[in-house]
Each structure stands twice: as structure tokens, then as C-alpha cells.
Amino acid sequence: MKRSSGARLGATAVVGALSLALITGCGSESDDKKDSGSGSQAEAAKALTAAELKDLIVAQGDVDGFKFSAVKKADFPADKKVITGDEQCKPLAYVMSGLAPGDAAAETNTMATEEKSPTDTASKSLDELTEGELEDALGDSMNLNVTVVGLSSYDGDGAEKTFKTVSDAVAACAGGFTVGSGGEDQKFTKVAETKASGTGDESIAFAATGDMDGQPGVVHGEVVRHGNNVAAYYTMNIGALMTGKEYDVPAKLIDAQAGKLK
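The following paragraphs examine the structure supplied in this document. Since this is a predicted model, take the numbers as computed values, not measurements.

Between the first and last C-alpha of helix H6 (residues 158–172) there are 21 Å, a value that for 15 residues agrees with the 21 Å anticipated at 1.5 Å per step. All of the buried residues along H6 are Gly 158, Ala 159, Thr 162, Phe 163, Val 166, Ser 167, Ala 169 and Val 170. Where the residues of H6 are buried, they touch helix H4 (90–95), strand E6 (184–194), strand E7 (202–212), strand E8 (215–226) and strand E9 (229–236).

Formed by 35 residues in total, the largest nonpolar core has its most connected members in Leu 92, Met 96, Phe 177, Phe 188, Val 191, Val 219 and Val 223. For this core, the secondary-structure elements that each account for two or more residues are H4, H6, strand E5 (177–181), E6, E7, E8, E9 and helix H7 (238–243). Of the residues forming this core, the biggest block, 5 residues, is contributed by H6. Ala 112, Ala 231, Leu 253 and Ile 254 belong to the second largest nonpolar core, which has 18 residues in total.

Using the criterion set out here, one finds 1 aromatic pair in the structure. Above the face of the Tyr 94 ring, Lys 80 is positioned so that its terminal group lies 4.6 Å from the ring centre.

With that settled, consider the sheet that holds E7. Spatially, E1-E3-E4-E9-E8-E7-E6-E5-E2 is the arrangement adopted by the 9 strands of the open sheet, whose pairing is antiparallel. The two strands at the open ends of the sheet, each matched to only one other strand, are strand E1 (66–69) and strand E2 (83–85). Taking the axes of each pair of neighbouring strands and ignoring which way they run, one obtains an average angle of 30° across the sheet. In this structure, strand E4 (residues 146–153) lies alongside E9, joined through 8 bridges in antiparallel fashion.

Once that is clear, we can look at the pairing of E7. Summarising burial for E7: 10 of the 11 residues are buried, a large majority. As defined by bridge partners, E6 adjoins E7 across 6 bridges and the pair is classed as antiparallel. Counterpart to Lys 190 in the pairing with E7 is Thr 209. Bridge count for E7 against E8 is 11 bridges, and the pairing is antiparallel. Within the sheet, the bridge partner assigned to Thr 209 lies in E8 and is Val 218.

Working definition of a disulfide: a covalent bond connecting the sulfur atoms of two cysteines. Inspection of the entire model under this criterion finds 1 disulfide. Residue pairing for Cys 89: its cysteine sulfur links by disulfide to Cys 173, the two sulfurs lying 1.9 Å apart. The sign of the -110° torsion about the S-S bond sets the Cys 89-Cys 173 disulfide as left-handed. Placement of the pair is Cys 89 in the loop between E2 and H4 and Cys 173 in the loop between H6 and E5, with a sequence separation of 84 residues. The exposure classification of Cys 89 matches that of Cys 173, with both residues buried.

Attention now goes to the side chain of Ser 152. Summarising the element assignment, Ser 152 is placed in strand E4. The class for Ser 152 is buried, based on a relative accessible area of 2%. A distance of 2.9 Å separates a polar atom in the side chain of Ser 152 from a polar atom in the side chain of Tyr 154. In contact with Ser 152, other than residues within four places in its own chain, are Leu 53, Ala 100, Pro 101, Ala 104, Ala 106, Glu 107, Asn 228, Asn 229 and Val 230.

Next up on the list: the pairing of E9. The element E9 is largely enclosed, with a buried count of 8 among its 8 residues. Examined bridge by bridge, E8 and E9 share 7 bridges and lie antiparallel to one another. Looking across to E9, one finds that Glu 222 is bridged to Tyr 233. Between E8 and E9, which pair antiparallel one after the other, the connecting turn spans 2 residues, and Gly 227 there sits at a positive phi close to 65°.

Quick notes on the rules
- Throughout, residues of each chain are indexed from 1 in the direction in which the sequence is written.
- Given that the model is predicted, a residue must reach a pLDDT of at least 70 before its local features are reported, and side-chain atom pairs must reach 80 or more before they are shown or counted; all residues, however, enter totals for whole chains, interfaces and linings.
- As a rule here, side-chain values come from all non-hydrogen atoms in the structure, and water together with hydrogens is ignored.
- A run of DSSP states H or I qualifies as a helix once it reaches four residues; a run of E qualifies as a strand once it reaches two. Both are numbered from the N-terminal end.
- Between the first and last residue of a helix there are one fewer steps than residues, each counted as 1.5 Å, and that sum is the expected span.
- Exposure is judged per residue with a 1.4 Å probe applied to protein chains only, and the accessible area is read against the type maximum: over 50% gives exposed, under 20% gives buried, and values in between give partly exposed.
- Only heavy atoms matter for contacts: two residues are in contact if any of them lie within 4.5 Å across the pair.
- Nine residue types can take part in a nonpolar core, namely buried Ala, Val, Leu, Ile, Met, Phe, Trp, Tyr and Cys, and a core is a set of them joined through side-chain atoms within 4.5 Å.
- Note on aromatic contacts: the rings of Phe and Tyr and the six-membered ring of Trp form a pair at centre separations within 6.5 Å, being stacked when their planes are under 30 degrees apart, edge-to-face when over 60 apart, and tilted otherwise.
- Only when the NZ of Lys or the CZ of Arg is both within 6 Å of the ring centre and within 35 degrees of the ring normal is a charge said to sit over the ring.
- Here, a strand pair is defined by DSSP locating no fewer than two bridges between the strands.
- Axis definition: a line fitted to C-alpha atoms, limited for helices to the stretch in contact. Angles are taken between N-to-C directions and run from 0 to 180 degrees.
- The term disulfide is used for any two cysteine sulfur atoms that are within 2.5 Å.
- Pairs of N or O atoms are called polar contacts if they sit within 3.5 Å, as long as, within protein, a hydrogen donor faces a hydrogen acceptor (for residues adjacent in sequence, only side-chain-to-side-chain pairs).

Worth remembering: the numbers are spatial, not functional.
So this is what it looks like as C-alpha cells:
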């Protein structure tokens, strides 16, 4: 994204545009993905309860450098019914809303915010900063990954079917899609499959490019199937969106969640 002297106004526009995005390898699977088992085994799979999922989702102390908090209902919808848009692309919209991408028997979520160390400019007052330092300080203060982690569980082969809907959506929605909530729409102009973590039985990662107040901005997602459970990750970094720097879903979050589901 281009930098401008209107750093404060630019930040406000980006945050406003992305708030809707929040509420609303290259390869979809690891080359060495595990055998998902026979059809009879899949049919016999029983979903975990919401209480069991809450015990299994990543939490404070599981991942160094991250602070965990509840997902605020004011920022994310609690019901899929309020989400509108292209039907075939809704699994991606659900992932970016902190909701289960499929019809889960139980689900839970949490928000992981990267912790930052103070910078040299943090010791200066706003009046002491040059315009360039102000832009840098503003971008740096927002240059942290915020990830919504969702964990859902399914009966029978529901997790496999859910993963396929996400994989299909990444391919079908490559040309973009529109998602809405609360009467507002957010347009994504492109969806690209990216390198997945390769954890679990199946994994797929994607980057969605949205129109953020006239400038392109990229947000990231990954979905991993662990047996009859599905872990979904949605990461945004406002600082990186302002400066055009690259970022991704934090690998240590994915690894930590995979470890708790073994």
C-alpha cells in the first residue's frame, strides 16, 4: 500500500475497511498427508463437545509471544445467518469471521494477538516526531499479527466434507467475491492459494486481496483438518497492510494447535 502524509487518516480508513473483513503450500494439501481412514471409520467418528474443544484450543501459555483473548461479538458475528454473499465462497467468509467453515456439531474460537517490543520512537512525544517518523511509528505500532483461531468438530465424515468445501471455494473464488454483514459489503478482488503448513491430515492456505479504501490489502487464512476436527486461522496485520509488507498466518500458532490435537 502506498504511504502518504495523511498517516492518521490513512490508518483510520484501513481500520474501518478491515473491520468488515474481520466480521464478515502452494498446494491445498500436504504432499505427505496422512491416510484419513476407511469409510466405515469416518462414518463412526463422533464429534467432540464444545467443552472438550475449549480445552483443546490454543490458549495463554501455549505459544510464546502471543496474548490470547475472547473474540468479541461486537467485532465478529456469532451466527452464520447474518453473513451474506456468494454461496460457494461462504466457507472462506466463515473462516474470516471466526466461525466454523461447515455445519459443525460444536465449535469455539479465540483471538491471538502478537506481543510487540517498544521501539525507539515510543519514547518520543507526537510533537517531537517528524512526519516520516510519525508514519513509521504509526505503521510500526500496528505491525503485529492478529489471528482468530477457530476449532470445530464434526460427526461422521463431516470434517472431510467441510475441508473440501473450503478447498473448492479457494479455487472457485479465485476471481474474488463479496461478503456482507450488518448491511455492509466488503469486496475481495482475488483469492490465491498459498503454501500451507502441511500439519494435520489435510491443510490449505489462502490469501484474499480486498479493496481497502481504494488500495489493495491482503489478509490470510489457513484451514487444517485433524481427523474429525477442523482448525481454522484468519490473520490480519494492519501495519503491514498500510506499508505493503508481507506477512502470513503465524506458523507457531498452527504448530501449537496441531500439538494439542494429536
